[in-house]
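Listed below, chain by chain, are the residues.
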Amino acid sequence: MHEKNLIAGFSKWPKSKKIQWLVETYAAHPEETSRDLAGFWHPNKELQRIIDGFSENTISNYALPYGIAPNFLIDGRYFAVPMVIEESSVVAAASSAAKFWADRGGFHTRIIDTRKVGQVHFFWNGDFKLLQEHHDELEKSLLQTVGPLTVNMRKRGGGILDLKLLDLSDLEPGYRQLRVSFETCDSMGANFINSVLEAFAEGLQLFIAQHPALSENPHEVDVLMAILSNYTPECLVEVWVECPEEELGGFAGRFAQAVRIAEIDPYRATTHNKGIFNGIDAVVLASGNDFRAIEACGHAYAARDGQYRSLSKCTVENGLFRFSLEIPLALGTVGGLTKLHPLAKRTLELLGNPSARELMSIVASVGLAQNFAAIRSLITTGIQRGHMKLHLLNILNHLGASEAEITAAQTYFDGKTVSHSAVQHFLNGWREATQVSQGVLMAVKKG
Ligand code: MEV
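What you see as residue numbers is a count from 1 along each chain, following the sequence as written. The predicted nature of this model means local features are confined to residues of pLDDT at least 70 and side-chain atom pairs, given and counted, to a pLDDT of 80 or more, with totals for whole chains, interfaces and linings taken over all residues. Values reported for side chains reflect all heavy atoms of the structure, with hydrogen atoms and water molecules removed beforehand.

### Some thoughts on the overall build of the protein chain
As a reminder, the rule being used: Secondary structure elements are taken from DSSP: a helix is a run of H or I of four residues or more, a strand is a run of E of two residues or more, and numbering for both begins at the N terminus. Burial classes: relative accessible area under 20% of the type maximum marks a residue as buried, over 50% as exposed, and values in between as partly exposed (1.4 Å probe, protein chains only). The criterion used for residue contact is that any of the two residues' heavy atoms lie within 4.5 Å. Surface exposure here means Shrake-Rupley accessible area, sampled with a 1.4 Å probe, where a residue is shielded only by the protein chains that are shown. For the charge count, each Lys or Arg is scored as positive and each Asp or Glu as negative, with His and the chain ends excluded. Charge placement uses NZ in Lys and CZ in Arg. For Asp and Glu, CG and CD serve respectively.
Along the backbone of the protein chain there are 17 helices and 10 strands. By principal-axis analysis of the C-alpha atoms, the protein chain measures approximately 110 × 70 × 40 Å. Among the 447 residues that make up the protein chain, the fraction classed as buried is 44%. Contacts spanning at least 24 positions in sequence make up 72% of the contacts within the protein chain whose residues lie at least 6 apart. Carbon and sulfur atoms provide 55% of the accessible area of the protein chain, an area that totals close to 23,700 Å². Averaged over its 42 positive side-chain charges, the protein chain has a centre that lies 8 Å from the centre of its 49 negative ones.

### Side note on the domain arrangement of the protein chain
As a reminder, the rule being used: Reported domain spans reflect what an automatic or database domain assignment gives.
Here the protein chain is described as being made up of domain 1 (3-52), domain 2 (66-112 + 233-380), domain 3 (116-229) and domain 4 (387-446). The C-alpha-based centres of domain 1 and domain 4 are spaced at 37 Å.

### Some words on the site of the ligand
Put simply, the test is: Summary of the distance rule: residues count as near a molecule or strand when at least one heavy atom falls within 4 Å of that molecule or strand. Two N or O atoms count as a polar contact when they lie within 3.5 Å, although within protein this holds only if one can serve as hydrogen donor and the other as acceptor, and sequence-adjacent residues are included solely when both atoms are side-chain atoms.
Residues in contact with the ligand, as listed here, are E87, R268, T271, H272, K274, G275, N278, A374, L378 and I383. E87 is positioned with one of its side-chain polar atoms (N or O) 2.6 Å from an oxygen atom of the ligand. In this structure, N278 approaches the ligand through a side-chain N or O atom, which is 2.9 Å from an oxygen atom. Taken by itself the ligand offers 300 Å² of open surface, and the protein chains cover 86% of this. Of all the secondary structure elements, the ones that give two or more residues to the shell around the ligand are α11 (266-286) and α14 (356-379).

What follows is the structure, given as structure tokens:
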């Protein structure tokens, strides 16, 4: 490693100095790299300052497409749903499934619960039964400690729902846990939950140290960490679509089989659920929510019985096709980036400024729509036809096609199989033919 690669105080440097050092040290083409990095700065300096503040060491903005999937009929209301995603066929697939189901009653949703979870992990070798006996006292004391922290949340109808002491010392010597449930209303609530938990951690230590019955016990509490859990199996929404079986054009049974395979085979389940998250992540990202938290939780939920399975279910019974998804979604529509990111704010506005519960319904519906579209393609035409059709533009751009060449290629490939080599072949032929005809034209003009 070269000396110049090691850097101190980088975070304190102004953006221009960071870029200069970066391109001089790491870029193959320093000038072009700094030009491209600066090329994505927002012309509105104040806005750029806010975006820079979201993270550390920011030197540019990374552009992703912001698309719209219209015609989502959800619980009787129409939505045009913003989606941020780079994969070419996702928005088209969501839109097509939305249209299909809008003609069949749309998406129906039910919020099962909105409970979130936090944990204080501690080690204590004292008598757990004795601690349990003083559970109510402990709870009262902890709730008192966090009174000022929770007052606003309580006014909004949320706060701490319950508090459990768990003895996990059979898994790890001395390991005990305080598990707390929260209602955080329209906010995702991460900061609220973590602040409460850190206060609980201190309160717990004091309670045990000062309680006459417990302090006789010569064991100290060692709090290892206090943090929310991204596993929120009780922050749950169900979404479903249904219609007479015959409306599916004869593929209802095969569709149900495809879902069944994702229930029993983890290899297929992973891809199947990835398709669901294509839709979910895109809306979560567009709304300024944390898609990593949503993904982590969804996958943990998919494995809740010990085997990773499909998150969606399908039945065909008494002539009725029913396709549903049950998924934990801990989302917020206030706080975090939701109002700070200029486009996250617009996303929420375009969705009618939903409550967190409404956003759960919208996001889950897009997930189910995406899953429907993917399976429908897989069991009928195959996925590549639609995929490659939309990928055609990426290939053309990659090959430096002009606007005229793009139009010609799109006309040529309509109904044909798209592949990188086929497009390259077409472009070569097109360019040769154009050169020849230009030559002929010149010769005619000269003559
Ligand atoms: C591609 O991004 C997603 C799919 O693979 C999902 C699926 O197979 O169900 C098409």
